[in-house]
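Chain and residue survey
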Amino acid sequence: MAGIPGLLFLLLLLFCVVGQVHPYRVHWKPTWPAYHLPVVLPQATLNLSKPDFEAEAKLEVSSSCGPQCHKGTPLPTYEEVKQYLSYETLYANGSRTETQVGIYILSNGGGGAQGQDSEPSGRSRRKRQIYGYDSRFSIFGKDFLLNYPFSTSVKLSTGCTGTLVAEKHVLTAAHCIHDGKTYVKGTQKLRVGFLKPKFKDGNQGTNGSSSAIPEKMKFQWIRVKRTHVPKGWIKGNANDIGMDYDYALLELKKPHKRKFMKIGVSPPAKQLPGGRIHFSGYDNDRPGNLVYRFCDIKDETYDLLYQQCDAQPGASGSGVYVRMWKRQQQKWERKIIGIFSGHQWVDVNGSPQDFNVAVRITPLKYAQICYWIKGNYLDCREG
């Protein structure tokens, strides 16, 4: 495969973003854009020593680098991007590996690829993520909780939220299982919880059975087989670069048998319906409740969405989604376009300002996460 010079590589990445975006002037419906997507493929896998699992789970992360700071950051080189997208895999037996990746740009024909070879003190932490009137909605009743899209939200045993994105896969925030230095306590025996009805007298009931009256909801847990965390998070150690890579994928030991929500490349905020995003999570100030919210995007960078959706710790890892028109199938479709990372204090001209931050699924992140799920880049051509 021919090597790509650094400048050409950056231009090709930008082309992945804008090359096939269809304008809105012809279609009144907010439509999912089409993209030329890169390919992220494993090049080498190294065995690592077992981690110690000593980190305390943190349900929020912080950074002093806000939107303007990120926008002024130089674009990464090809080698830097390869380093950030390399990833660690942790297995249920405690072993782990590091996988180095290569990045390739597929030709238009799809038959070949080009690429190179292989926070301020003294503030109340509890109310940080509520902006004025609390606009969150607790979702009650099995008719809502067990139906799409709310049924795609799951709870991690470390205290965060995740979203079902495939038959056996859950997307969440990296800081829910790794603090940037090592894995958090409980990650080796990580479980994912699914809300299900708790019936009286242990009777699961059948259709038409008057005795099958749900008393309340309970969690049914499934063990995690392995996790993937990008090295951009681990090497970044939750610093300014690490915020951009605060995502992780969990593979369950068995299928969950629920409808899941596909991932998609995050369109620009101005192309989102109403400039608005949605997500549901298990905020820890409402234990046992699934909490839904929506809000407008306040600002964005290539990797992050800044908003002021009301949220509390525990909602971290929630899948941020929108509903747009799928032109090819002629139907409306929801897709996950980001991962809610948590609260962030930003120093704006010497004055602290707070946002809630979501990590955008860029074309490169889509290619990486999709490959983690599918194991075949040919199944990851459409974002």
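Details of the structure are given in the entry above.
Values in this document were obtained by computation on a predicted structure and should not be read as measured data.

Turning to the pattern of salt bridges, a few remarks are in order. Charged atoms that come close allow side chains of opposite charge to pair. Within this structure, the stated rule accounts for 13 salt bridges. Here Glu251 and Arg226 are joined by a salt bridge, their closest N and O atoms 2.6 Å apart. With Glu251 in strand E11 (residues 248-252) and Arg226 in strand E10 (residues 214-230), this pair connects stretches of sequence that are 25 residues apart. Where Lys365 meets Asp303, a salt bridge forms, and the shortest distance between an N and an O atom there is 2.8 Å. With Lys365 in helix H7 (residues 363-374) and Asp303 in the loop between strand E13 (290-300) and strand E14 (304-307), this residue pair connects regions lying 62 residues apart in the sequence.

Attention now moves to the state of the cysteines. Counted under the stated rule, the structure contains three disulfides. The side chain of Cys295 participates in a disulfide bridge whose partner is Cys309; the two sulfur atoms lie 2.0 Å from each other. Across the disulfide from Cys295 to Cys309, rotation about the S-S bond amounts to roughly -100°, and the bridge is consequently left-handed. Here Cys295 is found in strand E13, whereas its partner Cys309 is found in the loop between E14 and strand E15 (319-326), with 14 residues between them in sequence. Accessibility expressed as a relative area gives 12% for Cys295, which makes it buried. There is a disulfide in this structure between Cys370 and Cys380, and the S-S distance comes to 2.1 Å. Between Cys370 and Cys380, the S-S torsion sits near -90°, and that sign places the bridge as left-handed. On the criterion of sequence distance, the pair formed by Cys370 in helix H7 and Cys380 in the segment after H7 is long-range, its members being 10 residues apart. Among the residues examined, Cys380 registers a relative accessible area of 5% and is labelled buried.

With that out of the way, let us pick up helix H3 (residues 78-85). Buried residues of H3: Tyr78, Val81, Lys82, Tyr84 and Leu85, and no others. Looking straight down H3, one finds its buried side chains confined to an arc of 165°; they lie on one side.

Another aspect to go through is the layout of surface pockets. One number sums up the size of the second largest pocket: a volume of about 410 Å³. Of all the secondary structure elements, the ones that give two or more residues to the lining of the second largest pocket are strand E16 (331-348) and H7. For the lining of the second largest pocket, the element with the most residues is H7, which contributes four residues. Here the lining of the second largest pocket is built from residues that sort into eight nonpolar, one polar and 10 charged.

A few words on the packing of aromatic side chains. Counting across every chain of the model gives 12 aromatic pairs. An angle of 50° between the planes, with centres 5.4 Å apart, marks the rings of Tyr84 and Tyr245 as tilted. In this pair, the class of Tyr84 matches that of Tyr245, namely buried. Between Tyr247 and Trp372, the aromatic rings sit 6.3 Å apart at their centres with planes inclined by 40°, giving tilted as the arrangement. Of this pair, Tyr247 sits in the loop between helix H6 (240-244) and E11 while Trp372 sits in helix H7, and the two are 125 residues apart along the sequence.

Conventions we followed
Residues numbered from 1 in each chain as written. Predicted model: local features only at pLDDT ≥ 70, side-chain atom pairs only at ≥ 80, totals over all residues. Heavy atoms only, no water. Salt bridge = Lys/Arg side-chain N within 4 Å of Asp/Glu carboxyl O. Helix = DSSP H or I, 4+ residues; strand = E, 2+ residues; numbered from the N terminus. Disulfide = S-S within 2.5 Å. Buried < 20%, exposed > 50% of the residue type's maximum accessible area, 1.4 Å probe, protein only. Arc of directions from axis to C-beta. 1 Å grid on protein atoms, 1.4 Å probe; cavity = no way out; pocket = protein on both sides within 12 Å on 5 of 7 lines; lining within 4 Å. Points joined across faces, edges and corners; volume = space filled by probe spheres on them. Nonpolar A, V, L, I, M, F, W, Y, C, P; charged D, E, K, R; others polar. Phe/Tyr/Trp six-rings, centres within 6.5 Å; stacked < 30°, edge-to-face > 60°.

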